[in-house]
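Spelled out, the chains give:
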Amino acid sequence: MTAVATASALSLPISLRSPSKLVPRKVRGNIGVFAVFGEDGGSVSKKSAWSTLFNVEDPRPKAPLYKGKILDVNQALEVARLDIQYLDWRARQDVLTIMMLHEKVVEVLNPLARDYKSIGTLKKDLAELQDELAQAHKQVHISEARVSAALDKLAYMEELVNDRLLQARSTTETDQAATSPSSSAQSLETAKRKLPRKSLDVSGPVKSYHPSLKNFWYPVAFSADLKDDTMIPIECFEEPWVIFRGKDGRPGCVRNTCAHRACPLHLGSVNEGRIQCPYHGWEYSTDGKCEKMPSTKLLDVRIKSLPCFEQEGMIWVWPGSEPPAAKLPSLQPPQGFVIHAEIVMELPVEHGLLLDNLLDLAHAPFTHTSTFAKGWSVPSLVKFLTPASGLQGYWDPYPIDMEFRPPCMVLSTIGISKPGKLEGQSAKQCATHLHQLHVCLPSSRQKTRLLYRMSLDFAPILKHVPFMQHLWRHFAEKVLNEDLRLVIGQQERMINGANVWNWPVAYDKLGVRYRLWRDAVERGEKRLPFTK
């Protein structure tokens, strides 16, 4: 993969200036100094006492000569890294200049200096120092502008990479961007104008699920909800299934349709580890084999079953045609957390739209104004910070860590001080935390089975408070209803042709990566993006 990046586009002094030189010079007074000449010909005095703190090597001599060349991603990132190093070095020189000038002011105002300097000389010295300080502060403002420009360029480079991932640029547009003018500002603006707007195409009626999306382990129920004599009917990828426990207590999953007359099996009962059809009493074991046919000769009849396992308080099935993966994912809350609530809901939205919503926190102060985000201020900038190849990261400025776990799970850890309040700069810095698991099982093209689990690392006594489970459910439903009215509206417009991912922005990063991952799965790619 290549990125269109030139040294001129990044406007780095490293490719335009020669290395700075150390030139000794004389100064008034008894303080020994030497001068460092920067790229603008100005000097920065450095006192030996501060040499350890400010003795940072100028990175410009190490800069490769990339001016006017098309760079690959690694070269472009190297240029950006050197740009940041240069800005760090330049900022240290600016700060040192101001520090030394302030020391000179103190020296001039020293009462001892009045013994051998006239008032006129002191005024002249102070006036010169005032001019130098004004120039130094001006240089600081220039450095601040350079930092801002560097961050803009890094954001621009991220756009280039995202555009490549979204396959939104053609080879012709890449070549055009590479031949942009030599002026750094013109080059950057020209390239931005020539880049097409990024978008994902998620529009029209929901298509049938691709078989590749079925080749994963899916959590379908909480273990606590499945007793020995009960069953749980579910839909998974538009097929009806029913889960029950066999004679050995292990769960099984069979098609929720009797082989005899297509009666729903979940309307029957579980007897001695077999599910009995309520129509004519046929009984099936957890592997789908019919073991009883009352009032007739026993025939070799079998209904379809799915691989089904139980782990860490959850029941999993493998609905795909490929051999199941040998290892089930772990969805346990982090160490020190206690599970307080496990809730199941059937929602009238496609599971991808629900995942899009759960992977987005920027909507909270606008959508959840009567629940957990009540009273939140609207940040000037919301970012999701994540590794370049990851599906996890953390929100800024919210103290929330979040991860998309394929194929349909969202895990989040929220730093809190008390219910409804946020604190700290990151989740790790907060004293108490709430951990959430959302499982969005694709029931059908317009329906999702949501499994929600909530854990806390404080107040364990709440687990034993009567009716607390009902209170947690009430609160969860209230939060979810704030989202549902919006997501259902999205779904209606999507079915009529609207693109629900028409204009992604920076804080949509995790949702975009989920969509890119899912697109790759549905294309049948063997190596999926953002996963190991």
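Residues numbered from 1 in each chain as written. Predicted model: local features only at pLDDT ≥ 70, side-chain atom pairs only at ≥ 80, totals over all residues. Heavy atoms only, no water.

## Observations concerning the overall build of the chain
For step 1, the next point in the chain: The helix and strand inventory of the chain stands at 10 helices and 21 strands.
For step 2, the next point in the chain: Looking at the chain as a whole, 45% of its 532 residues are labelled buried.
For step 3, the next point in the chain: Taking all contacts inside the chain whose residues are at least 6 apart in sequence as the whole, residues at least 24 apart take part in 63%.
For step 4, the next point in the chain: In the form shown here, the chain has an accessible surface area of approximately 28,000 Å², with 54% of it arising from carbon and sulfur atoms. (Helix = DSSP H or I, 4+ residues; strand = E, 2+ residues; numbered from the N terminus. Buried < 20%, exposed > 50% of the residue type's maximum accessible area, 1.4 Å probe, protein only. Contact = heavy atoms within 4.5 Å. Areas by Shrake-Rupley, 256 points an atom, 1.4 Å probe, with all protein chains shown as cover.)

## Description of the nonpolar core
For step 1, the next point in the chain: Judged by nonpolar contacts, the single largest core of 85 residues is most densely connected at Val220, Met314, Leu331, Leu347, Trp395, Val439 and Trp517.
For step 2, the next point in the chain: Aside from chain neighbours lying at most four places away, what touches Trp517 is Leu213, Phe216, Phe404, Pro406, Pro407, Leu528, Pro529 and Thr531. (Core = buried A, V, L, I, M, F, W, Y, C linked by side-chain atoms within 4.5 Å.)

## Some details on the environment of Met293
For step 1, the next point in the chain: Relative to the assigned elements, Met293 resides in the loop between strand S11 (290-292) and strand S12 (305-306).
For step 2, the next point in the chain: On the basis of relative accessibility, which here comes to 7%, the residue Met293 falls in the buried class.
For step 3, the next point in the chain: Separated by 33 residues in sequence, Met293 and His260 place their C-alpha atoms 9.8 Å apart.
For step 4, the next point in the chain: Beyond its immediate stretch of four places on either side in the chain, Met293 contacts Trp282, Leu298, Leu299 and Val301.

## Brief notes about the packing of aromatic side chains
For step 1, the next point in the chain: One pass over the full model with this rule turns up 11 aromatic pairs.
For step 2, the next point in the chain: For the pair Phe372 and Trp376, a centre-to-centre distance of 5.7 Å together with 80° between the ring planes defines the contact as edge-to-face.
For step 3, the next point in the chain: Three or more aromatic residues joined by ring pairs form one cluster here, namely Phe216, Phe404, Tyr514 and Trp517.
For step 4, the next point in the chain: Over the aromatic face of Trp241 sits the side chain of Arg255, whose NZ or CZ is 5.2 Å from the ring centroid. (Phe/Tyr/Trp six-rings, centres within 6.5 Å; stacked < 30°, edge-to-face > 60°. Lys NZ or Arg CZ within 6 Å of the ring centre and 35° of its normal.)

## Overview of a nonpolar patch on the surface
For step 1, the next point in the chain: A cluster of nonpolar side chains, Trp503, Val505 and Tyr507, forms an exposed patch at the surface whose accessible area comes to about 320 Å².
For step 2, the next point in the chain: Mapping Val505 onto the fold places it in the loop between helix H9 (468-495) and helix H10 (509-522). (Patch = residues over 30% accessible without salt bridge, like charges linked within 9 Å, V, L, I, M, F, W, Y side chains within 5 Å. Salt bridge = Lys/Arg side-chain N within 4 Å of Asp/Glu carboxyl O.)

## Examining the pattern of salt bridges
For step 1, the next point in the chain: Following the criterion strictly, the structure yields 18 salt bridges and no others.
For step 2, the next point in the chain: The salt bridge involving Glu283 is made with Arg274; its shortest N-O contact spans 2.7 Å. Arg274 carries the same exposure label as Glu283, and that label is buried.
For step 3, the next point in the chain: Of the charged contacts, one joins Asp356 and Arg515 as a salt bridge, the two residues approaching to 2.7 Å between their closest N and O atoms.

## Examining helix H7 (residues 351-358)
For step 1, the next point in the chain: With respect to burial, H7 is a largely interior element, eight of its eight residues being buried.
For step 2, the next point in the chain: If you check which residues of H7 are buried, you get His351, Gly352, Leu353, Leu354, Leu355, Asp356, Asn357 and Leu358.
For step 3, the next point in the chain: Two or three places before Gly352, at the start of H7, stands the capping residue Glu350, its side-chain oxygen 2.8 Å from that residue's backbone nitrogen. (Polar contact = N/O pair within 3.5 Å; in protein donor to acceptor, adjacent residues only side chain to side chain.)

## Examining the environment of Cys263
For step 1, the next point in the chain: Counting through the fold element by element, Cys263 comes out in the loop between strand S7 (251-255) and strand S8 (269-271).
For step 2, the next point in the chain: For Cys263, a relative accessible area of 14% puts it in the buried group.
For step 3, the next point in the chain: Sequence separation between Cys263 and Cys277 is 14 residues, and the spatial gap between their C-alpha atoms is 7.2 Å.
For step 4, the next point in the chain: In contact with Cys263, not counting residues within four places along its chain, are Asn256, Thr257, Cys258, Cys277, Pro278 and Tyr279.

## A short note on H10
For step 1, the next point in the chain: Compared with an ideal rise of 1.5 Å per residue, which puts 14 residues at 20 Å, H10 spans 20 Å between its outermost C-alpha atoms and is within 8% of the ideal.
For step 2, the next point in the chain: Residues of H10 that are buried include every one of Lys509, Leu510, Gly511, Val512, Arg513, Tyr514, Arg515, Leu516, Trp517, Arg518, Ala520 and Val521, and no others.
For step 3, the next point in the chain: A positive backbone phi angle near 80° is found at Gly524, which sits one or two residues after H10. (Expected span 1.5 Å × (residues − 1).)

## Points about the sheet that holds strand S4 (residues 218-222)
For step 1, the next point in the chain: Judged by pairing direction, the sheet is antiparallel, and its three strands sit side by side in the order S4-S14-S13 without closing on themselves. With one partner strand each, in any of the chains shown, S4 and strand S13 (308-311) form the two edges of the open sheet. Within the sheet, the average angular offset between the axes of one strand and its neighbour, ignoring direction, is 30°.
For step 2, the next point in the chain: Across four bridges, the pairing between S4 and strand S14 (residues 314-317) is antiparallel. Bridge assignment links Pro219 to a residue of S14, and that residue is Trp316. (Pairing = 2+ DSSP bridges. Axes fitted to C-alpha atoms, helices over the stretch in contact; angles between N-to-C directions.)

## Some words on the sheet that holds S7
Remark on secondary structure: sheet strands pair via backbone hydrogen bonds, oriented parallel or antiparallel.
For step 1, the next point in the chain: The strand order across the open sheet built from four strands is S5-S6-S7-S12, with neighbouring strands paired in antiparallel fashion. The strands lining the two open edges of the sheet, one partner per strand, are strand S5 (231-236) and S12.
For step 2, the next point in the chain: The pairing of strand S6 (residues 239-245) with S7 spans five bridges and is antiparallel. Across the sheet, Trp241 pairs through a bridge with Arg255, a residue of S7.

## Considerations on the pairing of S7
For step 1, the next point in the chain: In terms of burial, S7 is largely enclosed, as four of its five residues are buried.
For step 2, the next point in the chain: Where S6 folds back on S7, the antiparallel hairpin that results is connected by five residues, among which Gly249 adopts a positive phi of roughly 85°.
For step 3, the next point in the chain: As paired strands, S7 and S12 are joined by two bridges and run antiparallel to one another. What sits directly across from Val254, in S12, is Ser305.

So far we have only geometry, and geometry alone does not tell us how the molecule works.
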